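Structural overview
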Amino acid sequence: MAEEPELEPGVAAPERQPNTPGARLRAAREAQGLSIQDVATRTRIAQRQLEAIERDDYAALPGIPYAVGFARAYARAIDVDEVAIAADVRNAVHNSDLGSNRYEAFEPADPARVPSRALAWTAAAIVVILVAGFAVWRTQVMTPPTGEEIAAQQSAPAPATAKPAAGARPAAPVVQTVLFTANDDVWLRIYDEAGERLKDGLMKKGESFTLPANARNPMILTGRPQALTVTVGGKPIAPLGPPDRTIADVPVNAEALLARAAPAAAQGQGQGQGQAAPASTAPVPTGPAAPVPAAPAPAAAD
């Protein structure tokens, strides 16, 4: 038996370096002041499995791939060379009874990156729902209609469509553009039912303003109605009020202006007809029995 070399007094014996992967991982963890629970939190690996790795008890793990994968994740969490640790663990497992009796040709992914079981079940449920929905849709699309459905569709009355009367022409849209033209300088204010001012200020002679088509119940305020020429669709409208008299809240939409123009037009038409009608005269009898009117007597000379 070889004798151990004697050490000089006062010289400490050299500390033996750990040789197994589990011992090296445990020594690195303790050097960093980490507990086994800290490593379990970082790697998401059960504490009992990390303790088995530190003991090099690979038979306590689910299999060779898990032993290598867990050791690699352990090394990465404490900044140890994970490639060297994985190679040492693989060699240690293959040289043990576990390696001779059980061999798997793959390694699992990093446990920290493996999706949770709830996420996996959720994804599986979504896939099942999509497959079932596609099957139902395909069944409905590919199933031909029955004879009863075809007969019902053929016997259903066609929807009645309104036909225009013969010779009738569609009514042309009536242009009802309201235009204000100043025949003299005039101040005015045109506003809608909400009080919003559509036109406010002085209109110079010859200036025009077109009422917006979407104006809501527009009205006018001015002190010289006679200075405005108003047309609706090009049709002149009677003055909005007496000369030099202030008017306010007078509706100036197309309907109101046309209603104002209707009585004036009717009155003017009646006057024209009265002037054109001949005066009524009594009939003059004719024939031999008709009396001859006497000639007027000459006026006596003064």
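Each value, and the rule that gives it
Residues numbered from 1 in each chain as written. Predicted model: local features only at pLDDT ≥ 70, side-chain atom pairs only at ≥ 80, totals over all residues. Heavy atoms only, no water. Helix = DSSP H or I, 4+ residues; strand = E, 2+ residues; numbered from the N terminus. Buried < 20%, exposed > 50% of the residue type's maximum accessible area, 1.4 Å probe, protein only. Contact = heavy atoms within 4.5 Å. Areas by Shrake-Rupley, 256 points an atom, 1.4 Å probe, with all protein chains shown as cover. Pairing = 2+ DSSP bridges. pLDDT = per-residue confidence, 0-100. Axes fitted to C-alpha atoms, helices over the stretch in contact; angles between N-to-C directions. Expected span 1.5 Å × (residues − 1). Arc of directions from axis to C-beta. Polar contact = N/O pair within 3.5 Å; in protein donor to acceptor, adjacent residues only side chain to side chain. 1 Å grid on protein atoms, 1.4 Å probe; cavity = no way out; pocket = protein on both sides within 12 Å on 5 of 7 lines; lining within 4 Å. Points joined across faces, edges and corners; volume = space filled by probe spheres on them. Nonpolar A, V, L, I, M, F, W, Y, C, P; charged D, E, K, R; others polar. Parallel < 35°, antiparallel > 145°, perpendicular 65-115°, else oblique. Left-handed = near helix turned anticlockwise from the far one by under 90°.

**Structural notes on the overall build of the chain**
Secondary structure summary: the chain contains 9 helices and 8 strands in total. Here the chain holds 302 residues, and the buried ones make up 24% of them. Residue pairs in contact within the chain that sit at least 24 positions apart in sequence constitute 59% of those at least 6 positions apart. Summed over its atoms, the accessible surface of the chain is roughly 21,700 Å², and 57% of this surface lies on carbon and sulfur atoms.

**Some remarks on the pairing of strand S3 (residues 197–203)**
The pairing of strand S2 (residues 186–191) with S3 spans 6 bridges and is classified as antiparallel. Within the sheet, the bridge partner assigned to tryptophan 187 lies in S3 and is leucine 202. Hairpin connection, S2 to S3: the antiparallel pair is bridged by 5 residues, and glycine 195 has positive phi, about 90°.

**Looking at unusual backbone geometry**
For aspartate 79, which is not a glycine, the phi torsion comes out positive at approximately 60°. Tracing the backbone shows aspartate 79 in the loop between helix H4 (64–77) and helix H5 (82–94). A positive phi angle is found at asparagine 217, which is not glycine, with a value near 50°. Looking at where asparagine 217 falls in the secondary structure, it is placed in the loop between strand S4 (208–210) and strand S5 (219–222).

**Quick notes on the confidence of the model for the chain**
When pLDDT is averaged across the chain, the result is 76; 61% of the residues are at 70 or more. Note on residues 102–110: pLDDT is under 50 here. Beyond four places in sequence and across chains, it has 17 contacts. Note on residues 272–295: pLDDT under 50 across the span, and 1 contact to partners over four residues away in sequence or across chains.

**A closer look at the sheet that holds S5**
Spatially, the 4 strands line up as an open sheet ordered S3-S2-S5-S8, and their pairing is antiparallel. Both outer strands of the open sheet, S3 and strand S8 (247–251), are each paired with one neighbouring strand and no more. Sheet twist, expressed as the mean angle between neighbouring strand axes with direction ignored, is 15°.

**Examining H5**
Residues spaced three or four apart along an α-helix point in a common direction, a consequence of the helix completing one turn every 3.6 residues. The end-to-end C-alpha distance of H5, which contains 13 residues, comes to 18 Å, matching closely the 18 Å that a straight helix rising 1.5 Å per residue would cover. Three or more residues of H5 are buried, namely Ile85, Ala86, Val89 and Val93. For H5, the arc enclosing every buried residue in end-on projection is 100°, short of the 170-degree limit, so these residues lie on one face. If you check the start of H5, you find a side-chain oxygen 3.2 Å away from the backbone N of valine 83, and it comes from aspartate 81.

**Notes on the layout of surface pockets**
The computed volume of the largest pocket comes to approximately 210 Å³. Forming the boundary of the largest pocket are Gln176, Thr177, Val178, Thr210, Leu211, Pro212, Ala213, Ala215, Pro218, Asn253, Ala254 and Glu255. Tallied by class, residues from the lining of the largest pocket come to 7 nonpolar, 4 polar and 1 charged.

**Some words on the packing of H4 against H5**
Two numbers describe how H4 lies on H5: the axes approach to 8 Å, and their chain directions differ by 150°. One element, H4, and the other, H5, form an angle in the roughly antiparallel class. In this structure, the crossing between H4 and H5 has a hand that is right-handed. Across from Ile64, Ala67, Val68, Ala71, Arg72, Ala75 and Arg76 in H4, the residues of H5 making contact are Glu82, Val83, Ile85, Ala86, Val89, Arg90, Val93 and His94. Of the residues belonging to the contact of H4 with H5, the class tally is 10 nonpolar, 1 polar and 4 charged.

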